[in-house]
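Summary of the model geometry
Each chain, written out:
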Amino acid sequence: MPRYILKRLGQTVLTAWFTVTIVFLLLRLAPGDPAANYAPPNPTSEQLAAVRQEFGLDQPLLSQYLTYLGNLLHGDIGTSFQFRQPALQVVMDRLPYTVTLAIAAIAVTAAIAIPLGVWMARRGDTAPELGANIATIAGQSMPDFWIGFVLLIVFAVNLQWLPSSGFTSTSAIVLPCLTIVVLQVALISRLVRREMTVNLAAPYLTIARSRGVSERRLTWGYAFANSSIPVVTALGTRFAAMLNGVVIVEVVFKWPGVGELVVDALSRRDFPLIQATVLVTVVLALVVQLLVDLLYPLIDPRVRLGQEARS
């Protein structure tokens, strides 16, 4: 296990380096001059040159890249052009909002999608199961920005039950969370249904049933246990994606997370802030994936036995 963890940590470092390198090159090679966003109105060529010199943009691309990597090794991700403060600090100020929203969304998703998927698999080809199946397909088909606008109009504008934007109170998380959950529940519940349908039809359940094992234990102790790895993997992947910033939802509800931050940074071509956001979210997503992988031996004894056999 320690060897496996070291291997995954090495992969995490390489993936983070590759990602920040691609982002660095794409930002520099994109058309447009960032200095124009930070120079005085109607700037002269001297004023633009002064801004480029201040931000280090007047240096050759290779020199900028090597300087960036050297600073990164010393923990310096750069200074935000817009905020004039360390880009990492700006990202860390926004990150708790995105993490809070992601945790709430994945918890609600798991609480609804897993029982729903199990229920759909148990009901088989019946009218209630067909209705639930159609509802999940509809939820999977609806774009999240449309769901967000509908929730805004109904619960914030017409009923005035919930705040429409920002993080003014605890209840402000409800609408953005629900907007994310609709799609995630549709995806995860259909996955649970598919895995459970296969396992509920497995011969070992017939043998266990003939030995008097209760239906509850057959469903959750046997069938769901064998379905749990792909479900946990999907939940982990969706959670990692949310940590990258649920951009559309954060913009619709003006949620002060990294998604809204990166949209603003892109519009202002704030290179250090974009690079810091990508680096932090990529590392977080990779750590979540690593934790999910480490859960496998705890969930399924066959994985643990396979690792022991290989070692």
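So, here's what we can say about the structure. Quick caveat: nothing in here was measured; it's all calculated off a predicted structure.

Counted under the stated rule, the structure contains 11 aromatic pairs. Where F24 meets Y68, the ring centres are 5.4 Å apart and the plane angle is 20°; that geometry is what we call stacked. Of this pair, F24 sits in helix α1 (residues 2-29) while Y68 sits in helix α4 (residues 61-73), placing them 44 residues apart in sequence. Y68 matches F24 in its accessibility class, with the two residues each being buried. Relative to W161, the ring of F155 has its centre 6.0 Å away and its plane inclined at 45°; by these criteria the two rings are tilted. Accessibility expressed as a relative area gives 25% for F155, which makes it partly exposed. Among the aromatic residues, those joined into a cluster by ring pairs are Y38, F55, F81 and F271.

What follows concerns the packing of helix α10 (residues 215-243) against helix α13 (residues 271-299). Where α10 contacts α13, the two axes come as close as 9 Å, and the packing angle between them is 165°. Looking at the two axes, α10 sits roughly antiparallel to α13. Regarding α10 and α13, the two cross each other, and that crossing is right-handed. Contacts between α10 and α13 involve S228, I229, V232, T233, G236, T237, F239, A240 and L243 from the former and T281, L284, A285, V288, Q289, V292, L295, Y296 and I299 from the latter. In terms of residue class, the contact of α10 with α13 is built from 12 nonpolar, 6 polar and no charged.

Mapped onto the elements of the fold, A240 is located in helix α10. Taking C-alpha positions, A240 is 27 Å from N71, a pair spaced 169 residues apart along the chain. Residues contacting A240, with those up to four places away along its chain left out, are A285, V288 and Q289.

Calculation notes
Residues numbered from 1 in each chain as written. Predicted model: local features only at pLDDT ≥ 70, side-chain atom pairs only at ≥ 80, totals over all residues. Heavy atoms only, no water. Phe/Tyr/Trp six-rings, centres within 6.5 Å; stacked < 30°, edge-to-face > 60°. Helix = DSSP H or I, 4+ residues; strand = E, 2+ residues; numbered from the N terminus. Buried < 20%, exposed > 50% of the residue type's maximum accessible area, 1.4 Å probe, protein only. Axes fitted to C-alpha atoms, helices over the stretch in contact; angles between N-to-C directions. Parallel < 35°, antiparallel > 145°, perpendicular 65-115°, else oblique. Left-handed = near helix turned anticlockwise from the far one by under 90°. Contact = heavy atoms within 4.5 Å. Nonpolar A, V, L, I, M, F, W, Y, C, P; charged D, E, K, R; others polar.

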